[in-house]
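Structural overview for review
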Amino acid sequence: MRSALTSRIAPNPFQPRREFTPEQLGELEESIRQNGLLQPLVVRPAPEGAAEGVALLDLDGEPVRLVQAWEGADRVVLVDAVRSDRPPGTVHEHDAGTLGHRPSPGVDLGGGHLLGISEAIALARAMDRMPDHLRVIGIEGGSFELGLGLTPEVDQACDVVAAHLATLLTPP
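These lines cover the structure that appears in this document, whether it is placed above or below. Remember, it's a predicted structure, so these values are computed and weren't measured experimentally.

1. Concerning unusual backbone geometry
Notably, Asp128 is not glycine yet its phi reads approximately 55°, a positive angle. Mapped onto the elements, Asp128 comes out in the loop between α3 (117-126) and β3 (133-140).

2. Considering α3
Taken together, the buried positions of α3 are Ile117, Ser118, Ala120, Ile121 and Ala124. All buried residues of α3 project into a common sector of 160° when viewed along the axis, lining one side. Where α3 is buried, its residues meet α2 (63-70), β1 (75-82) and β3. Remark: Asp128 follows α3 within two positions and exhibits a positive phi of approximately 55°.

3. Overview of helix α4 (residues 152-168)
Residue pairs spaced three or four apart in an α-helix point in one direction, given the helix's 3.6 residues per turn. Under the 1.5 Å per step criterion, the end-to-end length of α4 is 24 Å for 17 residues, consistent within 8% with the ideal 24 Å. Buried residues of α4: Val154, Ala157, Val161 and Leu165, and no others. Axial view of α4: buried residues confined to an arc of 85°, hence all on one face. Among the exposed residues of α4, those oriented more than 90 degrees off its buried face are Pro152, Gln156, Asp159 and Thr167. If you follow the buried residues of α4, they end up packed against β1, β2 (91-95) and β3.

4. Here we look at the pattern of salt bridges
In the structure shown here, the tally under the stated rule is 4 salt bridges. For the salt bridge of Glu30 with Arg33, the shortest nitrogen-to-oxygen distance reads 3.6 Å. Separated by 3 residues within a single helix, Glu30 and Arg33 lie in helix α1 (residues 22-35), roughly one turn from each other. We classify Glu30 as partly exposed; its relative accessible area is 34%. Accessibility expressed as a relative area gives 58% for Arg33, which makes it exposed. For Arg135, the salt bridge is made with Glu93, and the minimal N-O distance between the two is 3.4 Å. Taken as a pair, Arg135 in strand β3 and Glu93 in strand β2 lie far apart in primary sequence, 42 residues in all. On the accessibility criterion, Arg135 (27% relative accessible area) is partly exposed. What you see here is one network of salt bridges that share partners, running through Glu29, Glu30 and Arg33.

5. Brief notes about the side chain of Glu140
When you line up the elements, Glu140 lands in strand β3. Comment: no salt bridge for buried Glu140; closest opposite-charge side chain is Arg86, at 6.6 Å. Of the polar contacts made by the side chain of Glu140, one reaches the backbone nitrogen of Ser84; its length is 2.6 Å. What Glu140 contacts, discounting residues up to four positions off in sequence, is Val82, Arg83, Ser84, Arg86, Pro87, Pro88, Gly89, Thr90, His92 and Val154.

Quick notes on the rules
Residues numbered from 1 in each chain as written. Predicted model: local features only at pLDDT ≥ 70, side-chain atom pairs only at ≥ 80, totals over all residues. Heavy atoms only, no water. Helix = DSSP H or I, 4+ residues; strand = E, 2+ residues; numbered from the N terminus. Buried < 20%, exposed > 50% of the residue type's maximum accessible area, 1.4 Å probe, protein only. Arc of directions from axis to C-beta. Contact = heavy atoms within 4.5 Å. Expected span 1.5 Å × (residues − 1). Salt bridge = Lys/Arg side-chain N within 4 Å of Asp/Glu carboxyl O. Lys, Arg positive; Asp, Glu negative; His and termini not counted. Polar contact = N/O pair within 3.5 Å; in protein donor to acceptor, adjacent residues only side chain to side chain.

Following this line, the structure appears as structure tokens:
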């Protein structure tokens, strides 16, 4: 856990709760006291040296929300878990402009989602809302069961992908 200056934190544009009355804040405070945090609070820094205007979003993978998040973006890099016959931690990278409706044979870009990235790409194409550049990076999952942490192979792949993202998001 690290501390962060609240002045440097931008709210998630997809967070439905925007304003709280003093009564609602009191109820939230009491709920946290009684139940603890039900979901972790997550703040992720933009990669060091990333271009101004880089937004790092943590979304649930639902296709409509993905397409909405891409709205007006010139370049999108999307990272998610994927399933195929490859070992956990394998990294797949695709340019969505060169993808048909599916990536390489045997790679499921849905990961743990009922509908996934492939469906979001198809929806964005149908609605003429594809960003100019959409790169999809998938990390082969080890397990998709709820509550399990990352396997060591997947954790290591996340570090590799994070370093790769820093190069993708750094201005030339």
